[in-house]
Amino acid sequence: MVLGEYRELVGSVAVPVLSHPQAQEEAATTLIIDLLHWLVSHGCDPDDILDRAQQHYEAELDAAA
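Here is what the cut-offs are and how they apply
Residues numbered from 1 in each chain as written. Predicted model: local features only at pLDDT ≥ 70, side-chain atom pairs only at ≥ 80, totals over all residues. Heavy atoms only, no water. Helix = DSSP H or I, 4+ residues; strand = E, 2+ residues; numbered from the N terminus. Expected span 1.5 Å × (residues − 1). Polar contact = N/O pair within 3.5 Å; in protein donor to acceptor, adjacent residues only side chain to side chain. Buried < 20%, exposed > 50% of the residue type's maximum accessible area, 1.4 Å probe, protein only. Arc of directions from axis to C-beta. Contact = heavy atoms within 4.5 Å.

Draft legend 1. Seen up close, helix 3 (residues 46-64). Given a rise of 1.5 Å per residue, 19 residues ought to cover 27 Å, and the 27 Å separating the end C-alpha atoms of helix 3 matches this to within 8%. Where helix 3 begins, one side-chain oxygen reaches toward the backbone nitrogen of D47, 3.0 Å away; that side chain belongs to D45.

See below:
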């Protein structure tokens, strides 16, 4: 849902069916790229943010196991 709404927000003309795994991956990649550009424009280090996100993700996986 978030990816579909995001694509509409940024004006993606050709919105592929997001039920297809390849389309989901491409939409998620585009969203991440835009977030990284936004972080840089706000003076943040995208590598630090990506590292932190990975740590949080792995901690959630560990907690769920």
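Draft legend 2. Geometry of helix 2 (residues 21-41). In this model, helix 2 (21 residues) spans 30 Å end to end at C-alpha, consistent with the 30 Å of a helix rising 1.5 Å per residue. For helix 2, the set of buried residues is A23, A27, L31 and L39. Seen end-on, helix 2 carries its buried residues on one side only, within an arc spanning 150°. Set apart from the buried face of helix 2 by more than 90 degrees, the exposed residues are P21, Q22, E25 and H37. Where helix 2 is buried, its residues meet helix 1 (2-9) and helix 3. Directly after helix 2, the chain includes G43, whose backbone phi takes a positive value near 80°.

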